[in-house]
Amino acid sequence: MNLLENVKAVIFDFDGTFYDNHGVGKDLVLSHPLNLWRIKSEREVRKSLKNQSFGTKEAYMMEYSKRIASKTTLSVSKAQKWYEEKYLNWLTASIGKKQAYDKVEELITSLKNKGIRVAVYSDYPMLKERMKVINLNANLADYIFDAESLGGQKPAKPLMEKILSEMGVSPDTLLVVGDRVDTDGESAFCIGARFVQIRGHKTKNAPQPEGYPLMDWDAFVKEIL
């Protein structure tokens, strides 16, 4: 199996792909119990925005904030402020209690030495900060993307089209690597790119559809290095 055949670029998901994110949500709630309802509302709103694109970050954030406000006592402006100034920092702190999988940086360096462009694409912003707290050098990647800055949420096709345009690659030369089929996998499938699923705590215990492999992180690294 040659996962890199004709591949000129690889896009990695972050949460659940570069580290085991099991328990991050629980830690977030336990660390901020008085904000339980707001945190729950954030998760619900994020799910409701899945696969949607609003064109710009500003348009996305307006819709996001309106939905948070409708579920809480916050105004639209305060909902956005709470998310940007508190929630994202809390989330980053919870992620900081985790550790990156082995050889993430070695793998990225190896791909780049092969002339393959490397991007990291996450649902949430503050990606460089979140990589830093698990001791990963975000500057190793050629590109850093987050869905919100692109104006929506995974796996919306317009977001992937923006990424392809910025990276200057075609879908047939792109490999997407992530832990979730419904977000990372669909991001690849909607543009005709290839996909490798990294086994994580959200992997369903069901037969895998044909057409893409399911691998533990260590097995994936071994295959590439």
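Residues numbered from 1 in each chain as written. Predicted model: local features only at pLDDT ≥ 70, side-chain atom pairs only at ≥ 80, totals over all residues. Heavy atoms only, no water.

(A) Seen up close, the sheet that holds strand 6 (residues 214-215). One open sheet holds the six strands; their spatial order is 3-2-1-4-5-6, and the pairing between them is parallel. Bordering the open sheet on either side are strand 3 (143-146) and strand 6, each of which pairs with just one other strand. Pairing of strand 2 (residues 117-122) with strand 3 involves four bridges; the strand directions are parallel. By the bridge assignment, Ser122 is partnered in strand 3 with Asp146. (Pairing = 2+ DSSP bridges. Helix = DSSP H or I, 4+ residues; strand = E, 2+ residues; numbered from the N terminus.)

(B) Structural view of the packing of aromatic side chains. Tallying each qualifying case throughout the model produces 19 aromatic pairs. Where Phe12 meets Phe18, the ring centres are 5.2 Å apart and the plane angle is 45°; that geometry is what we call tilted. Classification of Phe12 as buried rests on a relative accessible area of 0%. The exposure class of Phe18 is buried, given its relative accessible area of 0%. (Phe/Tyr/Trp six-rings, centres within 6.5 Å; stacked < 30°, edge-to-face > 60°. Buried < 20%, exposed > 50% of the residue type's maximum accessible area, 1.4 Å probe, protein only.)

(C) Structural detail: the pairing of strand 1 (residues 9-12). Residues Ala9 and Ile11 of strand 1 are buried on one face, and the alternating residues Val10 and Phe12, pointing to the opposite face, are buried as well. Here strand 1 pairs with strand 2 via four bridges, running parallel. Pairing of Ile11 across the sheet is with Ala119, part of strand 2. One ladder, built from four bridges, connects strand 1 with strand 4 (residues 174-178); its direction is parallel. From the neighbouring strand, Phe12 faces strand 4, where its bridge partner is Val177.

(D) The arrangement of the nonpolar core in detail. Core analysis: the largest hydrophobic core is formed by 50 residues, its most contacted members being Phe12, Phe18 and Phe220. Setting aside its immediate chain neighbours within four residues, Phe220 contacts Leu3, Phe12, Leu107, Val177, Val196, Ile198 and Met215. Among the nonpolar cores identified, the runner-up in size contains 21 residues, and Ala119, Val176, Ala188 and Ile191 belong to it. (Core = buried A, V, L, I, M, F, W, Y, C linked by side-chain atoms within 4.5 Å. Contact = heavy atoms within 4.5 Å.)

(E) Local environment of the packing of helix 2 (residues 36-48) against helix 3 (residues 57-71). Direction vectors running N to C along helix 2 and helix 3 enclose 135°, while the axes themselves pass 9 Å from each other. Comparing the axis directions of helix 2 and helix 3 gives the class oblique. Like other packed secondary-structure pairs, helix 2 and helix 3 cross with a definite hand, here right-handed. Residues Trp37, Ser41, Glu42, Glu44, Val45, Arg46 and Ser48 of helix 2 form the contact with helix 3, whose own contacting residues are Tyr60, Tyr64, Arg67, Ile68 and Lys71. The class makeup of the residues in the contact of helix 2 with helix 3 is five nonpolar, two polar and five charged. (Axes fitted to C-alpha atoms, helices over the stretch in contact; angles between N-to-C directions. Parallel < 35°, antiparallel > 145°, perpendicular 65-115°, else oblique. Left-handed = near helix turned anticlockwise from the far one by under 90°. Nonpolar A, V, L, I, M, F, W, Y, C, P; charged D, E, K, R; others polar.)

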